[in-house]
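A look at the structure
What follows is each chain in one-letter form.
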Amino acid sequence: MVNEYYLYLYNQQGFIAKFETKTDDILLIYKDFGEDLVIASMIKNIKLNEQIKDYQNFIKNLNKMKINCYKIKKTDFFIYLSCFTILYKLNQDTIVDYLFIKKKKRFKQTLSQTCH
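A brief report on the enclosed structure follows. Everything numeric in this text was worked out from a predicted model, so none of it was measured.

Focus on the pattern of salt bridges
Evaluated as defined, the whole model comprises 3 salt bridges. For E4, the salt bridge identified is with K102, shortest N-O distance 3.2 Å. Placement of the pair is E4 in the segment before β1 (5-11) and K102 in strand β3 (residues 97-102), with a sequence separation of 98 residues. Residue classification places K102 among the partly exposed positions, given a relative accessible area of 45%. K31 is paired through a salt bridge with E35; the nearest N and O atoms lie 3.1 Å apart. Residue classification places E35 among the partly exposed residues on the basis of a relative accessible area of 22%.

Brief notes about the pairing of strand β2 (residues 14-21)
The side chains of a regular strand alternate between both faces of the sheet. Bridge count for β1 against β2 is 7 bridges, and the pairing is antiparallel. Looking at the pairing, L7 lines up with F19 of β2. In textbook terms, the turn of a hairpin is the stretch between consecutive antiparallel strands, and for β1 and β2 this stretch comprises 2 residues.

Topic: the pairing of β1
Counting buried residues along β1, 5 of its 7 residues qualify, which places the element largely inside the surrounding structure. Two strands pair when backbone bridges link them, and β1 and β3 are joined in this way by 6 bridges, in the antiparallel orientation. Residue pairing in the sheet places L9 in a bridge with Y98 of β3.

Thoughts on helix α1 (residues 26-33)
Residues of α1 that are buried: I26, I29 and Y30. Considered in projection along α1, the buried side chains sweep an arc of 110° and stay on one side of the axis. Here the buried face of α1 lies against β1, β2, α2 (35-43), α4 (74-89) and β3. N-cap assignment for α1: the residue whose side-chain oxygen lies 2.9 Å from the backbone N of L27 is D25.

Parameters at a glance
- Residues numbered from 1 in each chain as written.
- Predicted model: local features only at pLDDT ≥ 70, side-chain atom pairs only at ≥ 80, totals over all residues.
- Heavy atoms only, no water.
- Salt bridge = Lys/Arg side-chain N within 4 Å of Asp/Glu carboxyl O.
- Helix = DSSP H or I, 4+ residues; strand = E, 2+ residues; numbered from the N terminus.
- Buried < 20%, exposed > 50% of the residue type's maximum accessible area, 1.4 Å probe, protein only.
- Pairing = 2+ DSSP bridges.
- Arc of directions from axis to C-beta.
- Contact = heavy atoms within 4.5 Å.
- Polar contact = N/O pair within 3.5 Å; in protein donor to acceptor, adjacent residues only side chain to side chain.

Right under this line is the structure:
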């Protein structure tokens, strides 16, 4: 399946990150990015309320890093996405909003099509 959408994440200060996704269903994105993290934490006997605090703290810390213009690794943005989708799935208040935009389809012309 091809990535057909962009997912934009925002907070009160503005833009945080952009991701390419296959769907515009946030719960399917949770299945891809968040579910395994919750399960792995449960296996390690980390209670759900502790996990929620950890996910909220990660989001707050990355937001502070972004405000202070610190360099943020790409992997940290994916963890941010995981934390956001988990909190969304668990109906927790998040300080993050999201927006899906469908990609435009672009047609490529081959050399044989352009030269007659």
